[in-house]
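Listed below are the residues making up each chain.
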Amino acid sequence: MKKLIPIMLAGTGSDVGKSLLAAGLCRVFRQDGFAPAPFKAQNMALNSYATPDGFEIGRAQAVQAEAAGVECCTDMNPLLLKPSGEMTSQVVLNGKPIGNRDAYDYFRREGREELRREVHKAFDRLSKRYNPIVMEGAGSISELNLRDSDLVNMPMARYAGAKVILVADIDRGGVFASAYGSIMLQNEEDRRRIAGIIINKFRGDMRLFESGRKLMEEICGVPVLGVVPYMSDIHVEEEDSVALGTKATEASEHGKINVAVVLLRHISNFTDFNVLERDDRVRLYYTDRPEDLADAQIVIVPGTKATLDDLYHLRKTGMAAAICKAYDNGKTVFGICGGYQMMGEEVCDEDGVEGSILRLPGLGLLPMRTVMRDEKVTRQVCFSFRGGELVNEGYEIHMGNTVPVGEYQPLNHRGDGSPEGCMRDERCMGTYIHGSLDNKEVIEYLLAPYMQVNSISNSPDYKEYKEIQYNLLAERMREYVDIQKLYEIMSSND
């Protein structure tokens, strides 16, 4: 198989759709007989994923690896920033946390070369195993004030010898200015590296943009490889919290089972709810208003990057009392990861792992107590649910150790037989396992008390569903992007 030059999808800004397009190209290349792999040197996201060997990467690269048909690994995302405060992030290097840094310290030049060497090593290892490498930039490529410290955009493309495709979002307006400005603000060397433009998120009749496409090529001096429509009908897991702005925020009055996800300030891994969100029996909505829980049959307390801070905020806003009241009124309360920790008797952080709050009483719904620890647990797991025999799959990413206070009933057992989670009764339970709700057995149990008649969703198995979506995404890429021209770009050293 011919060796292709790496390709980087770089953006005119954040949330222009680079991640989704990269996943689509990974599937296209796989379908065409290549062995592609994704790469993003530095990612900032609260939605992360555990690799098979027990490390942590950004969710987008795990999704792209799945689209490419390969197992994810830390070389695909060697540097991950997980925001934990207004200006502070946990820095995860090669899958393991190395400490918390504020934005000013992180982006200073001191120490950046060590991080640069690490991401270069990761790329080198990956490029020896896969062909081609589908790279993704971060945010805008024209942030001049960050150029000297940039690890992920044009300096990374330079190191990799990659051809750059600029992704511009037409839906937000100003597409000509953003594309032209992004190119013209590059130095001469980097400007020559930009080999094409993809206009993304187009709405309406594309024939109306034919003259605009030609004009874009004239003013920017590079070909427009495609004009891609807004793909609201394709469902691929998202990692950016911006996606939460498109989610439902109200219950339904039309015979659906209302599932309320508590909208925490530091919510993480909201991809846990993708399957439930698409279940035709369910209306899933996000809320941070106590009164909205009255309309729900099921309340989910999700994962968080800052358990104690979010627990404090729940108490301050009355949401904690509303969750407890929901349980008292016969509703189901289900906690995942940080939400599971909050549902216990107490959360302690005497070593200041998360911050300045050292101890808070929990919601008191589960007979458990959590002590925060520096060591982060990251692993994929198989588990049986409520003593059943069916093997389910998920993953754990958490800091803290949760232990019982007196007698308790485990919710799950891992593949090695160890107990996991806690179940107070059939309406109150918690688990550390992300992806629990990707498993039909768990979903059917949660929904069963609220079904008017016996009903099972006709949705396909989640793995099968994701494969359908990746193939549909690849089909859309072939329809709207000049893949042949892209191959020519990736085959030429000019």
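Up top is the structure these notes are about.
Throughout this document, residue positions are counted from 1 along each chain, in the order its sequence is written. For a predicted model such as this one, the threshold for reporting local features is a pLDDT of at least 70, and the threshold for listing and counting side-chain atom pairs is 80 or more; totals across whole chains, interfaces and linings nevertheless cover every residue. The basis for the side-chain values is all heavy atoms of the structure; hydrogens and waters are excluded.

Chemist: Looking at this structure, how should I read the side chain of Asn 153?
Modeler: Turning to its location among the elements, Asn 153 is positioned in the loop between β9 (133-140) and α5 (154-160). We call two residues in contact when some of their heavy atoms are within 4.5 Å. Those residues in contact with Asn 153 that lie beyond four places of it in its chain are Met 8, Gly 137, Ala 138, Ser 140 and Ile 141. Only runs of H or I of at least four residues qualify as helices and only runs of E of at least two qualify as strands under DSSP, and these elements are numbered from the N terminus.

Chemist: Explain the sheet that holds strand β7 (residues 88-93) to me, please; I cannot follow it from the model alone.
Modeler: The strands that make up a sheet pair up through hydrogen bonds in the backbone, lying either parallel or antiparallel. The criterion for strand pairing is that DSSP finds at least two bridges linking the strands in question. Sheet architecture is open: four strands sit in the order β3-β6-β7-β8, paired in mixed fashion. Of all the strands in the sheet, the pair left with one neighbour each is β3 (42-44) and β8 (96-102). The sheet shows a mean angle of 25 degrees between the axes of neighbouring strands, direction not considered. With three bridges connecting them, β3 and strand β6 (residues 79-83) associate as parallel partners. Every axis corresponds to a line fitted to the C-alpha atoms, with the helix fit spanning only the stretch in contact, and the corresponding angles, defined between N-to-C directions, vary from 0 to 180 degrees.

Chemist: Would you explain helix α8 (residues 210-220) in this entry?
Modeler: One turn of an α-helix holds 3.6 residues; hence residues three or four places apart share an orientation. Of all the positions in α8, only Gly 212, Met 216 and Cys 220 are classed as buried. Along α8, the residues classed as buried sweep out an arc of 50 degrees about the axis, all on the same side. Projecting away from the buried face of α8 at angles above 90 degrees are the exposed residues Ser 211, Lys 214 and Glu 218. Partly exposed residues are those whose accessible area sits between 20% and 50% of the maximum for their type, while under 20% is buried and over 50% is exposed, using a 1.4 Å probe and protein chains only. Comment: arc refers to directions from the helix axis out to C-beta atoms.

Chemist: Any chance you could explain the packing of aromatic side chains here in plain terms?
Modeler: Aromatic rings considered in pairs are described by the distance between their centres and by the relative angle of their planes. What counts as a ring pair is set by centres within 6.5 Å for rings of Phe, Tyr and Trp (its six-membered ring), and what kind of pair is set by the plane angle: stacked under 30 degrees, edge-to-face over 60, tilted for all other angles. Considering all chains together, one arrives at eleven aromatic pairs under this definition. Plain terms: the ring middles of Phe 123 and Tyr 159 are 6.5 Å apart, the flat faces sit at 80 degrees to each other, and that makes the pair edge-to-face. With Phe 123 in helix α4 (residues 112-129) and Tyr 159 in helix α5, the pair connects residues that are 36 residues apart, well separated along the chain. Accessibility expressed as a relative area gives 4% for Phe 123, which makes it buried.

Chemist: Would you mind going over unusual backbone geometry with me for this structure?
Modeler: Across residues other than glycine, the phi torsion is negative in most instances, and most of the peptide bonds are trans. For the bond running from Asn 131 to Pro 132, omega is 0 degrees, close enough to zero to count as cis. Considering the arrangement of structural elements, one finds Pro 132 in the loop between α4 and β9. Located in the positive-phi region is Asp 15, a residue other than glycine, with phi close to 60 degrees. Residue placement: Asp 15 occurs in the loop between β1 (7-11) and α1 (18-31). Even without being glycine, Cys 337 reaches a positive phi, approximately 55 degrees. If you trace the backbone, Cys 337 turns up in the loop between β18 (332-336) and α12 (338-342).

Chemist: For this particular structure, what's the right way to read the sheet that holds strand β11 (residues 194-202)?
Modeler: Pairing is parallel in the open sheet, where six strands are placed in the order β2-β9-β1-β10-β11-β12. At either end of the open sheet lies a strand with only one pairing partner, and these are β2 (37-39) and β12 (224-229). Going across the sheet, the axis of each strand differs from the next one's by a mean of 25 degrees, ignoring polarity. Set on the sheet, α4 makes contact with β2 and β9; between it and β2 the angle comes to about 170 degrees.

Chemist: How do you make sense of the pairing of β8 when you look at a structure like this?
Modeler: It is a general feature of regular strands that their side chains alternate between the two faces of the sheet. Relative to β8, β7 is paired through six bridges, and the arrangement is antiparallel. Directly across from Ser 89, in β8, lies its bridge partner Arg 101. In this antiparallel pair of consecutive strands, β7 and β8, the connection spans two residues, and Asn 94 shows a positive phi of 50 degrees.

Chemist: Would you mind showing me how to read a nonpolar patch on the surface here?
Modeler: Judged by side-chain polarity, Tyr 180, Met 184, Leu 215 and Ile 219 come together as a nonpolar surface patch covering roughly 320 Å² of accessible area. Within the element layout of this structure, Leu 215 appears in helix α8. Its relative accessible area of 41% is what places Leu 215 among the partly exposed residues. Only residues whose relative accessible area exceeds 30% and that form no salt bridge enter a patch; like-charged residues are grouped when within 9 Å of one another, and nonpolar side chains (Val, Leu, Ile, Met, Phe, Trp, Tyr) when within 5 Å. Using the Shrake-Rupley algorithm and a 1.4 Å probe, accessible areas are obtained, with residue cover drawn only from the displayed protein chains. In the sections that follow, a salt bridge refers to a side-chain nitrogen of Lys or Arg positioned within 4 Å of a carboxyl oxygen of Asp or Glu.

Chemist: What am I meant to see in the pattern of salt bridges here?
Modeler: Applying the stated criterion to the full structure yields 32 salt bridges. Across the pair Glu 488 and Lys 485 runs a salt bridge, and its minimum N-O distance is 4.0 Å. Linking Glu 488 with Lys 485, this pair stays in helix α15 (residues 483-491), spanning three residues, or about one helical turn. We classify Lys 485 as partly exposed; its relative accessible area is 32%. Salt bridges linked by common partners bring Asp 15, Asp 169, Arg 172 and Lys 201 together as one network.

Chemist: Would you explain the nonpolar core in this entry?
Modeler: Most often, soluble globular proteins keep nonpolar side chains buried together rather than apart. Within this scheme, the nonpolar core is defined by two criteria: the residues are buried Ala, Val, Leu, Ile, Met, Phe, Trp, Tyr or Cys, and they are joined through side-chain atoms within 4.5 Å. Grouped together as the largest cluster of nonpolar side chains are 67 residues, with contacts concentrated most on Phe 273, Leu 276, Ile 300, Ile 323, Leu 365 and Leu 437. With near-sequence residues (within four places) excluded, Leu 365 lies in contact with Ile 323, Cys 324, Tyr 327, Val 333, Met 343, Gly 344, Arg 424 and Cys 428. Counting residues in hydrophobic clusters, the runner-up holds 48 residues, among them Ala 62, Leu 79, Ile 141 and Phe 202.

Chemist: Even after reading the chapter, I still don't get the packing of α1 against α15, so can you show me in this structure?
Modeler: Packed helices, taken two at a time, are described by the angle between their axes plus the distance between the axes. Taken N-terminus to C-terminus, the directions of α1 and α15 make an angle of 85 degrees; their axes are 13 Å apart at the nearest point. When the interaxial angle is binned, α1 and α15 end up roughly perpendicular. For the pair α1 and α15, contact is made by Leu 25, Val 28 and Phe 29 and by Ile 483, Leu 486, Tyr 487 and Met 490, respectively. Class assignment for the residues of the contact of α1 with α15 results in seven nonpolar, no polar and no charged. An angle below 35 degrees is read as roughly parallel, one above 145 as roughly antiparallel, one from 65 to 115 as roughly perpendicular, and any other as oblique. Residues were grouped as follows: Ala, Val, Leu, Ile, Met, Phe, Trp, Tyr, Cys and Pro as nonpolar; Asp, Glu, Lys and Arg as charged; and all remaining residues, including Gly, as polar.

Chemist: I keep staring at the side chain of Asn 47 and nothing clicks. Help me out?
Modeler: Mapped onto the elements, Asn 47 comes out in the loop between β3 and β4 (48-50). Take Asn 47: its relative accessible area is 0%, and that puts it in the buried class. Pairs of N or O atoms are called polar contacts if they sit within 3.5 Å, as long as, within protein, a hydrogen donor faces a hydrogen acceptor (for residues adjacent in sequence, only side-chain-to-side-chain pairs). A distance of 2.4 Å separates the side chain of Asn 47 from the backbone nitrogen of Asn 269, its partner in a polar contact.

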